[in-house]
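Reading the structure
Residue strings, one per chain:
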Amino acid sequence: MLIKQADDIKSSEITDEKIYLQRRRFLKTTAHVTLTAATGISLAGISAPEVAAALSMGDIKPSPLSTDEAKTDFKDITSYNNFYEFSTDKEAPAHLAKNFKTSPWTVSVEGEINKPAQYQLEDLVKPHQLQERIYRLRCVEAWSMVIPWVGIPLRDIIGRFEPTSKAKYVEFTTLYDPEQMPGQRRRVLNWPYVEGLRMDEAMHPLTLLAVGLYGQVLPNQNGAPLRLVVPWKYGFKSIKSIVKIRFTQTQPQTTWAQAGPGEYGFYANVNPDVDHPRWSQKRERRIGDFFKRDTLMLNGYADQVASLYQGMDPKTLY
Ligand SMILES: Nc1nc2c(c(=O)[nH]1)N[C@H]1C(S)=C(S)[C@@H](COP(=O)(O)O)O[C@H]1N2
Ligand SMILES: [Mo]
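In this text the structure is predicted, and so the values were computed from the model without any measurement.

1. Details of the side chain of His 276
With respect to the helices and strands, the residue His 276 is situated in the loop between helix 9 (255-259) and strand 12 (283-286). Judged by relative accessible area, which is 5%, His 276 ranks as buried. Setting aside anything within four residues of it in sequence, one finds His 276 in contact with Val 140, Glu 263, Tyr 264 and Gln 281.

2. Re the nonpolar core
Trp 149, Phe 172, Leu 226, Leu 228, Trp 232 and Phe 247 are the most contacted members of the largest nonpolar core, which has 78 residues in total. In terms of residues, this core owes the most to one element, strand 5 (residues 143-153), which gives six residues. In contact with Phe 247, not counting residues within four places along its chain, are Val 109, Glu 110, Gly 111, Glu 112, Ile 113, Ile 158, Phe 161, Pro 163, Ala 167, Tyr 169, Val 170 and Met 199.

3. Side note on the pattern of salt bridges
Under the counting rule described, the total for this entry stands at 15 salt bridges. Residue Arg 198 is joined to Asp 200 by a salt bridge in which the shortest nitrogen-to-oxygen separation is 2.8 Å. Ionic pairing is found between Glu 201 and Lys 233, a salt bridge with its closest N-O pair at 2.7 Å. Here Glu 201, found in helix 8 (residues 199-202), pairs with Lys 233, found in the loop between strand 10 (227-229) and strand 11 (242-248); they are 32 residues apart in sequence, far enough to count as distant. Look at Glu 201 and you get buried, because its relative accessible area is 0%. Connected through shared salt-bridge partners, Glu 69, Arg 136, Arg 138, Glu 284, Arg 286, Asp 289 and Arg 293 make up one network.

4. Some points on the pairing of strand 4 (residues 131-138)
The element strand 4 is largely enclosed, with a buried count of seven among its eight residues. Two strands pair when backbone bridges link them, and strand 4 and strand 5 are joined in this way by eight bridges, in the antiparallel orientation. Bridge pairing in strand 5 links Leu 137 to Met 145. Linking two consecutive strands that pair antiparallel, namely strand 4 and strand 5, is a turn of four residues; a positive phi of about 75° is found at Ala 142 within it.

Thresholds applied
- Residues numbered from 1 in each chain as written.
- Chains lettered and ligands numbered in written order.
- Predicted model: local features only at pLDDT ≥ 70, side-chain atom pairs only at ≥ 80, totals over all residues.
- Heavy atoms only, no water.
- Helix = DSSP H or I, 4+ residues; strand = E, 2+ residues; numbered from the N terminus.
- Buried < 20%, exposed > 50% of the residue type's maximum accessible area, 1.4 Å probe, protein only.
- Contact = heavy atoms within 4.5 Å.
- Core = buried A, V, L, I, M, F, W, Y, C linked by side-chain atoms within 4.5 Å.
- Salt bridge = Lys/Arg side-chain N within 4 Å of Asp/Glu carboxyl O.
- Pairing = 2+ DSSP bridges.

Spelled out as structure tokens, the structure:
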């Protein structure tokens, strides 16, 4: 197997990287810590400050692209999940993904690029690039959350792969491992889960590759160790546990568009004026709220991304 050498890492980054690795390792070996920290009950033998230090990813720069809306509770973000590889039940992934093995993690980068390679996660994501981005996430099922992600803009790593002029789309694939992912033993979806973006969407400054949330390593149920976040699109575009990134000339065949071509399109832009065939998309329930609220055009990111879709009919290219 060809492993990409971390030849372009400056020595100052190595220390950061070590700390990041140590924290990943620590979290892996103490599966209960995350929940413990969230509930405020300390683990036997580990003091509260030690837990806090272990969970913290260090100095993560807050991004000006964050929303200042109230964040959804950590407990809700990590116990109400859509992760069909584990279960179609929203409470189940938190339990079923507990022992999911996320280290070592290799991402295969392929297709229309000059530098195809198998990257170790630590070679793709440099700790000094990490930022906190607080984004709204709007699920196609009409609920939403506000999540403080830790990640790096996808565009910051795409450049290193040197896409050729033929690269028009980027396709992402989730791990296929029915031994570890019990939901994959049933054909509820066409496994592995595949998602895709047009190149300009992938290169947009808002598009994030997340490795954490609430200042700590991504919980397994939220798509550890590497997950896409595209805040102006319905949640299903934000693919979890990515093992492959492929640059293509033609539009990728995405899992949800295959499962229901009349219901889930390739673009999946949040649009209150385009109903799902079986329900309205005008309003949404923010998890933790009692009353529903209006869904915003492009999930509130229209100023930044509406220009990407100029001249496209949102009803046919949904
Ligand atoms: N591989 C994979 N990625 C996935 C999903 C999934 O089932 N499998 N569900 C999607 C859907 S429908 C949503 S709304 C979000 C939910 O992310 P969260 O559980 O971190 O809130 O993940 C998306 N990414
Ligand atoms: Mo979703």
